[in-house]
Amino acid sequence: MIPDLETPRLRLRALTLDDAAATQLLFPHWEVVRHLNARVPWPYPDDGALNFYLDVELPAMARGEHWTWAIRLKDGADHHIGVIGLMAGENDNRAFWLALPWHGQGLMTEACGPVTEFWFGALGFERLRIPKAVANTASRRVSVKQGMRVVATEDRDFVEGRLPAEIWELTRGDWNAGRRA
């Protein structure tokens, strides 16, 4: 079961199929998708969100391999404004996107706090690893604020193309030592 999570400004609720329509409207913008994994089709198809939720995300959540939340403003729009998710695996444990009107307000850093706490506390993992394009400065700032460090560099395929990438890591010990954002 994926619990609801809250921050001062946000309510995170487990992703459902009902979230596909808002995702379809807010997600397919170049500045949102360009640094995401190349598995994201571009141009984004008209049924991309619905198919991704039906075929990939919701089944992975049901199997207990993904924990994914729709991000909502407590005092804002009735629909979600982005998505954040955790994935079991070796080097790719968290992904997120936020719709353009809400960029630059610290909302994703705020959402990452309780999600990271869930990863280490409720799920009991020892480390969180996140790959990201070096050019994705906003995402890199979130990692820095959480006390993460770069543990590897490599080239990876993103929607924008093959780019230099970094693997960022946060250990349970560092998280518990108070390096939370």
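Residues numbered from 1 in each chain as written. Predicted model: local features only at pLDDT ≥ 70, side-chain atom pairs only at ≥ 80, totals over all residues. Heavy atoms only, no water.

**Q** A description of the packing of aromatic side chains should follow, citing residues and the corresponding values.
**A** The final tally for this structure, using the stated rule, is nine aromatic pairs. Their ring planes at 55° and their centres at 6.2 Å tell us that Phe-52 and Tyr-53 sit as a pair that is tilted. Given the relative accessible area of 3%, Tyr-53 is considered buried. Where Trp-119 meets Phe-125, the ring centres are 3.9 Å apart and the plane angle is 15°; that geometry is what we call stacked. Look at Trp-119 and you get buried, because its relative accessible area is 1%. Connected via pairs of aromatic rings, a cluster forms that spans Phe-27, Tyr-44 and Trp-97. (Phe/Tyr/Trp six-rings, centres within 6.5 Å; stacked < 30°, edge-to-face > 60°. Buried < 20%, exposed > 50% of the residue type's maximum accessible area, 1.4 Å probe, protein only.)

**Q** Got a sec to walk through the sheet that holds strand E2 (residues 10-14)? Specific residues and values, please.
**A** Within the open sheet, the five strands sit side by side as E1-E2-E3-E4-E5. Their pairing is antiparallel. Two strands lie at the open edges of the sheet, namely strand E1 (5-6) and strand E5 (94-98), each paired on one side alone. Sheet analysis places E2 next to strand E3 (residues 66-73), joined by five bridges and oriented antiparallel. Counted as the bridge partner of Ala-14 is Trp-69 from E3. Of the strands in this sheet, E2, E3 and strand E4 (82-87) touch helix H3 (residues 48-62), which is tilted by about 105° from E3. (Pairing = 2+ DSSP bridges. Helix = DSSP H or I, 4+ residues; strand = E, 2+ residues; numbered from the N terminus. Contact = heavy atoms within 4.5 Å. Axes fitted to C-alpha atoms, helices over the stretch in contact; angles between N-to-C directions.)

**Q** Tell me about the environment of Ile-81, and please be specific about residues and values.
**A** Relative to the helices and strands, Ile-81 resides in the loop between E3 and E4. With 54 residues separating them in the primary sequence, Ile-81 and Phe-27 have C-alpha atoms 9.1 Å apart. Sequence-distant contacts of Ile-81, that is, excluding residues within four places in its chain, are made with Leu-26, Ile-71, Leu-73, Trp-97, Leu-98, Ala-99, Trp-102 and Leu-107.

**Q** Provide a residue-level description of the pairing of E3, including the pertinent values.
**A** Each regular strand displays side chains that alternate between the two surfaces of the sheet. With eight of its eight residues buried, E3 lies for the most part within the structure. By the alternation rule, side chains of E3 split into His-66, Thr-68, Ala-70 and Arg-72 and Trp-67, Trp-69, Ile-71 and Leu-73, which are all buried. The pairing of E3 with E4 spans six bridges and is classified as antiparallel. Within E4, the position partnered with Trp-69 by the bridge is Ile-84.

**Q** Lay out a nonpolar patch on the surface with the relevant residues and their values.
**A** A grouping of Leu-17, Leu-50 and Leu-54 is seen on the molecular surface, where their side chains present a nonpolar patch of about 230 Å² in accessible area. Turning to its location among the elements, Leu-17 is positioned in the loop between E2 and helix H1 (20-26). (Patch = residues over 30% accessible without salt bridge, like charges linked within 9 Å, V, L, I, M, F, W, Y side chains within 5 Å. Areas by Shrake-Rupley, 256 points an atom, 1.4 Å probe, with all protein chains shown as cover. Salt bridge = Lys/Arg side-chain N within 4 Å of Asp/Glu carboxyl O.)

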